[in-house]
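Inside the fold
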Amino acid sequence: MDTPVTLLESSSPYGSRRVTVEYDGLTTAAYLHDDTAVISSTWIANHQPAPDSIDQARLDAGRTPLMPASLIKHPGGRGSLHAAALQALWFEEGDGVAILENGQPLAVIAGWSDMDRGMPGYSRDVIGQTPFGWSLDEAMEGLAPRLERSRAYWRWRQSASGWDQFQHALHAHLQARVGPGGHYWDTSAGQQPLTGVTERPAEPHRPYTVLSTVGMSCQRMPVVEQVLDDPSGYARIELAIATTLPSAQAARVFLWLATYPWRAVTWFGPGHSVRWYDEPATFPLGGDAGYGAVLLLDSPGSLPGPEAPDLSGFTFGGDPVRWLWIVPILERDRQLAKEHGSASLVGRLAAQQRSFAAKDGAAETG
């Protein structure tokens, strides 16, 4: 078969990853793609008797190799897979996926699977660890609960009342912490992940408006578990701004940031800084003053200014939700944080008497 047949193709709910299952007459394999390339893959099956060693000619031609008999459960080969029996089950984070055959795990390409690091996906028919797939059986102790949580999450997410329940709970939490809501803006255009921005207008005891996202914490961010031993305290976030700028203007920054982790398959954590994607003059939080990036802080009290409201205490999916406050910064500030760490930048901003609140006024030159 010169051209492989695609048995299954599925995009992640967030549109940032795509999985295909392809059959070429001799083998079946799964491939995880980003926008431009294959990120990782796993062999799934031989469909003829297995050789004693890897067929280097097929490998050199860019084809999935027939796996050697000693590395697989069915050295005699198995029948062709039926497209109608296959289904993709995406992880909540959207960075990994399980291929199910008649509802049972056949293969998994996890968020940490990466061909460049020699980490292929997992396959039910593989024995041990090979360059083209790792044993799914040996990984199921950790993956089985993950797959069940994914099933349950998407059932809930696709239910008629799930999103409304989440919104109601988060709005109630914010009302208790920062008062009644004002305007509300949608920031996701109906695409997953659903997100919005709620306005909590200034009050006599609080001389600034608080804008907070609603919906980022409804799904875990990708990548966190790959960089932190215990991701539970960092996997779910919402973003907030304290500002005296017009709310509709400041809220535009969330059109960029609210879905960013799932679009770019990354995560936001305390001390992270992000560069604005366009010309500084278009930056909603003082582009005319030279700002063109944001710093994310979970402890805005480390900067001068009015006391920041405590938004902690909300949990979802068994995880605490962490609010990260957006502080507009200069591009040179972002470079300082990148080279010397965010603590150096916070110290510099504090010395400049920079408030954590976004407001009208020229960028500091000190």
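Definitions and limits used
- Residues numbered from 1 in each chain as written.
- Predicted model: local features only at pLDDT ≥ 70, side-chain atom pairs only at ≥ 80, totals over all residues.
- Heavy atoms only, no water.
- Pairing = 2+ DSSP bridges.
- Helix = DSSP H or I, 4+ residues; strand = E, 2+ residues; numbered from the N terminus.
- Contact = heavy atoms within 4.5 Å.
- Axes fitted to C-alpha atoms, helices over the stretch in contact; angles between N-to-C directions.
- Buried < 20%, exposed > 50% of the residue type's maximum accessible area, 1.4 Å probe, protein only.
- Parallel < 35°, antiparallel > 145°, perpendicular 65-115°, else oblique.
- Nonpolar A, V, L, I, M, F, W, Y, C, P; charged D, E, K, R; others polar.
- Expected span 1.5 Å × (residues − 1).
- Bend = angle between axes of the 7 residues up to and from the residue.
- Polar contact = N/O pair within 3.5 Å; in protein donor to acceptor, adjacent residues only side chain to side chain.
- Arc of directions from axis to C-beta.
- Core = buried A, V, L, I, M, F, W, Y, C linked by side-chain atoms within 4.5 Å.
- Salt bridge = Lys/Arg side-chain N within 4 Å of Asp/Glu carboxyl O.
- pLDDT = per-residue confidence, 0-100.

Some details on the pairing of strand β1 (residues 5-11)
- By the bridge criterion, six bridges tie β1 to strand β2 (residues 18-23) in an arrangement that is antiparallel. Across the sheet, Val-5 pairs through a bridge with Tyr-23, a residue of β2.
- Count of turn residues in the β1/β2 antiparallel hairpin: six residues, of which Gly-15 carries a positive phi of about 75°.

So, the sheet that holds strand β7 (residues 104-109)
- Across the sheet, which stays open at both edges, the six strands sit in the order β5-β6-β7-β8-β10-β9 with mixed pairing between neighbours. A strand with exactly one partner marks an edge of an open sheet, and here the two such strands are β5 (86-90) and β9 (129-130).
- Pairing between β9 and strand β10 (residues 133-135): two bridges, direction antiparallel. Residue Thr-130 lies in a different strand from β10, and its bridge partner there is Gly-133.
- Lying on the sheet, helix α2 (residues 136-157) is in contact with β5, β6 (97-101), β7, β8 (122-123) and β10; it crosses β7 at an angle near 100°.

A look at the pairing of β6
- Of all five residues that make up β6, five are buried, and the element is covered over most of its length.
- Side-chain alternation along β6 places Val-97, Ile-99 and Glu-101 on one buried face and Ala-98 and Leu-100 on a second face that is also buried.
- Relative to β6, β5 is paired through five bridges, and the arrangement is antiparallel. Paired with Leu-86 across the two strands is Glu-101, which belongs to β6.
- Here β5 folds back onto β6 in antiparallel fashion, the turn holding six residues, of which Gly-94 has a positive phi close to 80°.
- When β6 meets β7, the two strands line up antiparallel, connected through five bridges.

Focus on the packing of helix α8 (residues 331-340) against helix α9 (residues 342-351)
- With their axes 6 Å apart at the nearest point, α8 and α9 run at an angle of 140° to one another. Considering their axes alone, α8 and α9 lie oblique with respect to each other. For the pair α8 and α9, contact is made by Arg-332, Asp-333, Leu-336, Ala-337 and His-340 and by Ser-342, Ser-344, Leu-345, Arg-348 and Leu-349, respectively.
- Of the residues contributing to the contact of α8 with α9, the split by class is four nonpolar, three polar and three charged.

A word on the sheet that holds strand β4 (residues 38-46)
- Taken together, the four strands give an open sheet; going across it, the order is β1-β2-β3-β4, and neighbouring strands pair in antiparallel fashion. At either end of the open sheet lies a strand with only one pairing partner, and these are β1 and β4. Ignoring which end each strand starts from, the neighbouring axes of this sheet average 15° apart.
- Where β2 meets strand β3 (residues 27-33), six bridges bridge the pair, whose relative direction is antiparallel. Across the sheet, the residue bridging to Glu-22 is Ala-29, located in β3.

Quick look at α2
- In a regular helix each residue adds 1.5 Å, so 22 residues correspond to 32 Å; α2 covers only 27 Å between its end C-alpha atoms and thus falls short of that length.
- At Gly-142, α2 is bent by approximately 60°, the largest bend along its length, and proline Pro-145 sits one to four residues beyond.
- Along α2, the residues that are buried comprise Leu-136, Ala-139, Leu-143, Arg-146, Leu-147, Ser-150, Tyr-153, Trp-154 and Arg-157.
- For α2, the N-terminal capping position is held by Ser-135, with its side-chain oxygen 3.4 Å away from the main-chain nitrogen of Asp-137.

Observations regarding α8
- When α8 is considered as a whole, its buried residues turn out to be Asp-333, Arg-334, Leu-336 and Ala-337. Seen along its axis, α8 keeps its buried residues to an arc of 155°; they face one direction. When the buried face of α8 is taken as reference, the exposed residues oriented beyond 90 degrees from it are Lys-338 and Glu-339.
- On its buried side, α8 packs onto β15 (273-275), β16 (293-297), β19 (322-329) and α9.
- Of the residues trailing α8, Gly-341 is marked for its positive phi of about 95°.

Topic: the nonpolar core
- Of all hydrophobic cores here, the largest spans 98 residues; its most connected members are Ile-99, Leu-239, Val-253, Phe-254, Phe-268 and Ile-326.
- When near neighbours in sequence (up to four residues on either side) are disregarded, Ile-99 contacts Leu-8, Val-19, Val-21, Ala-30, Leu-86, Gln-87, Gln-104, Pro-105, Leu-106 and Ala-107.
- Residues Ala-50, Met-67, Ile-72 and Phe-132 belong to the second largest nonpolar core, which totals six residues.

Structural notes on the pattern of salt bridges
- Across all of its chains, the model carries 18 salt bridges by this definition.
- In this structure, Arg-146 engages Glu-93 in a salt bridge whose closest nitrogen and oxygen atoms are separated by 3.3 Å. Of this pair, Arg-146 sits in helix α2 while Glu-93 is found in the loop between β5 and β6, placing the two residues 53 residues apart along the sequence. Note on accessibility: Arg-146 and Glu-93 belong to one class, buried.
- Here Arg-275 makes a salt bridge to Glu-331, at a shortest N to O gap of 4.0 Å. Of the two residues, Arg-275 is situated in strand β15 and Glu-331 in helix α8; the sequence distance between them amounts to 56 residues.
- In this structure Glu-331 comes out as partly exposed when scored by relative accessible area, which is 26%.
- Taken together, the shared-partner salt bridges connect Glu-92, Arg-220, Arg-236 and Asp-319 into one network.

Quick notes on the confidence of the model for the chain
- On average, residues of the chain score 92 in pLDDT, and 97% of them reach the 70 mark or higher.
- In this model residues 361-366 is a low-confidence stretch, pLDDT under 50, and it forms 15 contacts with partners more than four residues away in sequence or in other chains.

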